[in-house]
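Next come the chains, spelled out residue by residue.
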4 protein chains.
Amino acid sequence: MNQTQAGHGTDEAKSKRQQILKAAYDVFSRKGYYRATVDEIIALADTGKGTVYNYFTNKEQLFCTLVQERGEPFAIALADTISSELLPMEKFKKIIKLILVLYIEDADLWRVLIHEVRGLGEDNHSNLSQETVMKYQDGFQHIIDNVEAVLKEGVDKAVFRPMNTTHVAYCLFSIILTMVYQKFIEDDIEITVHNIAEFVLRGITT
Amino acid sequence: MNQTQAGHGTDEAKSKRQQILKAAYDVFSRKGYYRATVDEIIALADTGKGTVYNYFTNKEQLFCTLVQERGEPFAIALADTISSELLPMEKFKKIIKLILVLYIEDADLWRVLIHEVRGLGEDNHSNLSQETVMKYQDGFQHIIDNVEAVLKEGVDKAVFRPMNTTHVAYCLFSIILTMVYQKFIEDDIEITVHNIAEFVLRGITT
Amino acid sequence: MNQTQAGHGTDEAKSKRQQILKAAYDVFSRKGYYRATVDEIIALADTGKGTVYNYFTNKEQLFCTLVQERGEPFAIALADTISSELLPMEKFKKIIKLILVLYIEDADLWRVLIHEVRGLGEDNHSNLSQETVMKYQDGFQHIIDNVEAVLKEGVDKAVFRPMNTTHVAYCLFSIILTMVYQKFIEDDIEITVHNIAEFVLRGITT
Amino acid sequence: MNQTQAGHGTDEAKSKRQQILKAAYDVFSRKGYYRATVDEIIALADTGKGTVYNYFTNKEQLFCTLVQERGEPFAIALADTISSELLPMEKFKKIIKLILVLYIEDADLWRVLIHEVRGLGEDNHSNLSQETVMKYQDGFQHIIDNVEAVLKEGVDKAVFRPMNTTHVAYCLFSIILTMVYQKFIEDDIEITVHNIAEFVLRGITT
DNA sequence: CATGAATGAGTATTCATTCAT
DNA sequence: GATGAATGAATACTCATTCAT
């Protein structure tokens, strides 16, 4: 609200939406979805309450926009990898790396998303609408399905031994998340990728 | 509410507290911590709102009491196992089983607890107080520390190959949780225990 | 909040709800439904915001309770009159009087209700829910239907000349409302009843 | 928005204002004053929000302009009729017809206007400013005054029997509105005019 | 003149907690 | 000890209006 007096400059014009998204990212990441208040977001974005509702229909849609924006590149990269002609083992490692990279960037946002989307009982624990929750659950499911597809391919080609691919896919996914959330990532990501792959491939036995 | 007129009997007095805990278990499990309301709990417990606050200082402490009560037996069993003279491999499998059994019983309650305690950013995502969150994180940490101890013992005795025991302990824990939350548990738990152990020990390579 | 320090006396206990209803009557009558704010109601009722929501599920239901309470006696009296064995002309006058009396008491409340329920275009102009609007429209319809029934009876018995009873019933109703809203009511209601009846029965021609 | 680039041509300039008025008519009629939003009006008018405020000082004045525009012809016709040399009975019927025609055209707009202007308590129920409300109440008053004048003339000439002309004028007006709002109008308006006149003149007695 | 991004005052509703009886 | 009426802080969202371009 300082520079161009009322922020109508073309720079700022585009920036308002960005300011809000940036502030929202910040607040959602720190506070989680429910405890993030629109008031705090606008304070940080240095904007009026109405402005938020000009760009986003409601708090939920603001959050979803954030998720969409940050998740898009990953979705594309994953699709590319899946459809590539790599060998199972190579694909396997590449997917691990992709997921790792995705979750390392914007770690806090994904943490919050997963927090909201995770483990539902009969009712909806989440503060997000049932609809939204299901949408993102499907998103995660899709990733896991792809992991499973790679595992199956490996089993078919006898690179991996027979297993319950569904179980292993979920476990692999949870292992990756654990590594990220516990901040077990090495500076050189390749090392972490290697460690995870090694663990999953060979286990811990001598 | 008839016999002893206002619940002055020791039976009823104790039972009031139990009724509340039972109802709280039910509601927390179904709704999660945040969406569980004291109103719903007292409706189910068939008691007055004030009564809850006679036995428990607040909603959070009610939840914590529940967690304490249901977690106690496990903590004891775990300690016993750790200090037992079993061989590393046996200990390893027994711990997997212990954790599995714990989380299968009261699955929803643990789901909720983990939901609240999981991966915090700088601020506290949770609806629980920072203090409480840390307490339960320590609780989980303690379990994981014990798992790690077993792993170390195995490495020392060359039953397991050298590894980052911390990482593996966390991963093992997350794998177990995943199996439970995804309801991948076989009717015969031993099978699941075997599968997890096999996966962690030998990986997926042929 | 003065007398018994915190208003928990049995007198006051019952009175809280009444205080709120009284205040709501006041504010709704003066401001209309939309412009009446819960804040103003609680200020007048000298109560907390939560208290209102203990007794009434929302602003609309508070308003409806008011309408119900004040309208009940009339509905009963009307039903009695309709089913009575009076001659058409007597019934006719008695109904006029009943409606007049109803609308004179609580004139402002009915004014507001009619304001909300009146003349809808395609959409719902009202601030009340569609459901509620229809409920009260039905209520008014019911009154008019009864008026019409009396007219029909009169026509059958050749006391009244043939007419479109529906049109006349509506017109009679609107005439009564007009008299009330314009405060054309004489101190002795009988005079007003007589005037209306005379006008409707004989018209204005010499 | 193409030809004269920014609407500088007198054609377009005038048309912008007309577009807005047309759209406003539409939205006000469908939604009522309160629920009509400027946003919806500009969407329909295919214009910018600022433009509305170039031509009209605010939402209220936009509404008033609309009312003015549509009411003008009627006011003139009414004045003509009043000052004409017709016999009381003819004048009486002509006025009924005039009012009927006025309210049939733009029925929804008048419905909305009356909705806002009707029966005020101590405070202003309306969403319009007290000032505006009074202005239009005066407008209606003026019509009624004219009706009353005709009635008085009839009484003086002994065509009508003695009566409270004020009361009857109001009642006649409310009867006409009722016929319009209940859509009791026959295809041939003359029939409705005749019915109303007959009812008011002769009443319903045999 | 036309535009539309920015604004913020105004409001209904929820729910944990208290405390007099 | 048991009760439940009373409470109010906290929060998302709407929409008329302004003003720099």
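Cut-offs applied
Residues numbered from 1 in each chain as written. Chains lettered and ligands numbered in written order. Predicted model: local features only at pLDDT ≥ 70, side-chain atom pairs only at ≥ 80, totals over all residues. Heavy atoms only, no water. Helix = DSSP H or I, 4+ residues; strand = E, 2+ residues; numbered from the N terminus. Buried < 20%, exposed > 50% of the residue type's maximum accessible area, 1.4 Å probe, protein only. Areas by Shrake-Rupley, 256 points an atom, 1.4 Å probe, with all protein chains shown as cover. Least-squares fit on C-alpha atoms with pLDDT ≥ 70 in both. Contact = heavy atoms within 4.5 Å. Buried area = accessible area lost by both parts, 1.4 Å probe. Salt bridge = Lys/Arg side-chain N within 4 Å of Asp/Glu carboxyl O. Nonpolar A, V, L, I, M, F, W, Y, C, P; charged D, E, K, R; others polar. Polar contact = N/O pair within 3.5 Å; in protein donor to acceptor, adjacent residues only side chain to side chain. Domains from an automatic or database assignment. Expected span 1.5 Å × (residues − 1). Bend = angle between axes of the 7 residues up to and from the residue. Core = buried A, V, L, I, M, F, W, Y, C linked by side-chain atoms within 4.5 Å. Axes fitted to C-alpha atoms, helices over the stretch in contact; angles between N-to-C directions. Parallel < 35°, antiparallel > 145°, perpendicular 65-115°, else oblique. Left-handed = near helix turned anticlockwise from the far one by under 90°. pLDDT = per-residue confidence, 0-100. Phe/Tyr/Trp six-rings, centres within 6.5 Å; stacked < 30°, edge-to-face > 60°. Lys NZ or Arg CZ within 6 Å of the ring centre and 35° of its normal.

### Considering the overall build of chain A
Phase 1: Broken down by element type, chain A carries 9 helices and 0 strands.
Phase 2: Ordered by position from the N terminus, the helices and strands of chain A form the series α-α-α-α-α-α-α-α-α.
Phase 3: The principal-axis extents of the C-alpha atoms in chain A amount to approximately 65 × 40 × 30 Å.
Phase 4: A total of 206 residues make up chain A; the buried ones form 48% of that total.
Phase 5: Summing over all exposed atoms, chain A offers an accessible surface of approximately 9900 Å²; the carbon and sulfur share of this is 52%.

### Let's talk about the relation of the copies chain A and chain B
Phase 1: When chain A is fitted to chain B, the residual RMSD is 0.4 Å, and the transformation amounts to a turn of 178° plus an axial shift of 0.1 Å. Taken together, the rotation angle and the small translation identify this as a two-fold axis. Within chain A, the C-alpha atom positioned nearest to the axis of rotation is that of Gly203(A), 2.1 Å from it.
Phase 2: Taken as a fraction of all interface residues of chain A, those also at the interface in chain B reach 98%, which identifies the copy contact as same-surface.

### Some words on the interface of chain C and chain D
One frequently used descriptor of interface size is the decrease in accessible area upon assembly of the parts.
Phase 1: Listed per partner, the contact involves 48 residues of chain C and 49 residues of chain D.
Phase 2: Summing both partners gives a buried area of about 4600 Å² for chain C against chain D, and 58% of it is carried by carbon and sulfur.
Phase 3: On the chain C side of the interface with chain D, the three residues burying the most area are His125(C), Arg161(C) and Ile204(C), jointly 18% of the side's total.
Phase 4: Counting every contact that joins chain C to chain D gives 0 salt bridges.
Phase 5: Of all the elements in the fold, those that place two or more residues in the side of chain C that touches chain D are α1 (10–35), α6 (107–117), α8 (165–181) and α9 (189–202) of chain C.
Phase 6: Broken down by element, the side of chain C that touches chain D gets its largest block of residues, 9 residues, from α8(C).
Phase 7: Of the residues that constitute the side of chain C that touches chain D, the class distribution is 19 nonpolar, 17 polar and 12 charged.

### Here we look at the interface of chain A and chain B
Phase 1: Taken together, the 48 residues of chain A in the interface contact 48 residues of chain B.
Phase 2: With both chains or domains summed, chain A and chain B bury close to 4500 Å², and 58% of this area falls on carbon and sulfur atoms.
Phase 3: Connecting chain A to chain B are 0 salt bridges.
Phase 4: If you look at where chain A meets chain B, you find 9 residue pairs in polar contact (both at pLDDT 80 or more).
Phase 5: Elements with a contribution of two residues or more to the side of chain A that touches chain B: α1 (10–35), α6 (107–117), α8 (165–181) and α9 (189–202) of chain A.
Phase 6: A per-element tally of the side of chain A that touches chain B places α8(A) first, with 9 residues.
Phase 7: Taken together, the residues that form the side of chain A that touches chain B break down as 19 nonpolar, 17 polar and 12 charged.

### Things to note about the relation of the copies chain C and chain D
Phase 1: Between chain C and chain D, which share one sequence, the superposing operator has a rotation angle of 178° and an axial displacement of 0.2 Å; the RMSD is 0.4 Å.
Phase 2: The fraction of interface residues of chain C whose copies in chain D are also interface residues reaches 100%, indicating that both copies meet through the same surface.

### Brief notes about the domain arrangement of chain A
Residues and elements named next belong to chain A.
Phase 1: In terms of domains, chain A is made up of domain 1 (1–57) and domain 2 (64–202).
Phase 2: For domain 1 versus domain 2, the distance between C-alpha centres works out to 31 Å.
Phase 3: Counting from both sides, the interface comprises 11 residues of domain 1 and, opposite them, 11 residues of domain 2.
Phase 4: Counting the surface lost from both domain 1 and domain 2, the interface buries some 950 Å², and carbon and sulfur atoms represent 70% of this.
Phase 5: Taken together, the links from domain 1 to domain 2 amount to 1 salt bridge.
Phase 6: Of the residues that constitute the side of domain 1 that touches domain 2, the class distribution is 7 nonpolar, 3 polar and 1 charged.

### Here we look at helix α4 (residues 59–83) of chain C
Residues that lie three or four places apart on an α-helix share one face, since the helix turns once every 3.6 residues.
Phase 1: A rise of 1.5 Å per residue sets the reference length of α4(C), with its 25 residues, at 36 Å; its end C-alpha atoms lie 36 Å apart and thus fit the reference within 8%.
Phase 2: Largest kink in α4(C): about 40°, centred on Gly71(C), with the proline Pro73(C) one to four residues after it.

### Some words on the environment of His125(B)
Phase 1: Secondary-structure assignment places His125(B) in the loop between α6 (107–117) and α7 (130–156).
Phase 2: Taking the C-alpha atoms as reference points, His125(B) and His115(B), 10 residues apart in sequence, are found 10.0 Å from one another.

### Some remarks on the arrangement of the chains
Phase 1: You won't find any contact between chain A and chain C; their C-alpha atoms come no closer than 22 Å.
Phase 2: Between chain B and chain D there is no contact, and the shortest C-alpha to C-alpha separation is 33 Å.

### A closer look at the side chain of Thr132(B)
All names here are of chain B.
Phase 1: Along the chain, the position of threonine 132 falls in helix α7.
Phase 2: Looking at threonine 132, the relative accessible area reads 9%, which means it is buried.
Phase 3: In terms of polar contacts, threonine 132 uses its side chain to reach the side chain of serine 129, at 2.9 Å.
Phase 4: Setting aside anything within four residues of it in sequence, one finds threonine 132 in contact with Glu60 and Cys64.

### Things to note about the nonpolar core
Phase 1: Ranked by size, the top nonpolar core spans 135 residues in total, and within it Phe92(C), Tyr103(C), Phe92(D) and Tyr103(D) carry the most contacts.
Phase 2: Not counting residues within four places of it along the chain, the set of residues in contact with Tyr103(C) comprises Trp110(C), Ile114(C), Phe140(C), Ile143(C), Phe173(C), Leu177(C) and Val180(C).
Phase 3: If you look at the next biggest cluster of nonpolar residues, it comprises 134 residues, including Val38(A), Trp110(A), Leu113(B) and Ile175(B).

### Here we look at the pattern of salt bridges
All names here are of chain D.
Phase 1: For the structure shown, the criterion picks out 46 salt bridges over all chains.
Phase 2: Glutamate 40 serves as the salt-bridge partner of lysine 31, at 3.4 Å between the closest nitrogen and oxygen.
Phase 3: When its relative accessible area of 24% is taken as the criterion, glutamate 40 is described as partly exposed.

### Some details on the packing of α8(C) against helix α8 (residues 165–181) of chain D
Phase 1: At their nearest, the axes of α8(C) and α8(D) sit 9 Å apart, and the two run at 135° to each other. Between α8(C) and α8(D), the angle falls in the class oblique. The way α8(C) lies across α8(D) gives a crossing that is right-handed. From α8(C), His167(C), Tyr170(C), Cys171(C), Ser174(C), Ile175(C), Thr178(C) and Met179(C) reach across to α8(D), where they touch His167(D), Tyr170(D), Cys171(D), Ser174(D), Ile175(D), Thr178(D) and Met179(D).
Phase 2: Here the contact of α8(C) with α8(D) is composed, by residue class, of 8 nonpolar, 6 polar and no charged.

### Details of the confidence of the model for chain A
Phase 1: Overall, the predicted model of chain A reaches an average pLDDT of 88, with 91% of residues at or above 70.
Phase 2: Here residues 1–10 of chain A is a poorly scored stretch, pLDDT under 50, and it has 7 contacts once near neighbours within four places are set aside; other chains count.

### Thoughts on the side chain of His115(A)
Phase 1: Looking at where His115(A) falls in the secondary structure, it is placed in helix α6.
Phase 2: Not counting the four nearest positions on each side in its chain, His115(A) is found in contact with His115(B) and Glu116(B).

### Thoughts on the packing of aromatic side chains
Phase 1: Tallied over the entire structure, the rule returns 38 aromatic pairs over all chains.
Phase 2: With a centroid separation of 5.2 Å and an interplanar angle of 65°, the aromatic rings of Tyr33(A) and Phe63(A) are classed as edge-to-face. Of this pair, Tyr33(A) sits in helix α1 while Phe63(A) sits in helix α4 (residues 59–83), placing them 30 residues apart in sequence.
Phase 3: For Tyr33(A), a relative accessible area of 6% translates into the label buried.
Phase 4: Seen from the ring of Tyr33(A), Lys59(A) lies directly overhead, with NZ or CZ sitting 4.7 Å from the centre.
Phase 5: For Arg70(B), the ring lying beneath its charged end belongs to Tyr25(B), and the centroid distance is 3.9 Å.

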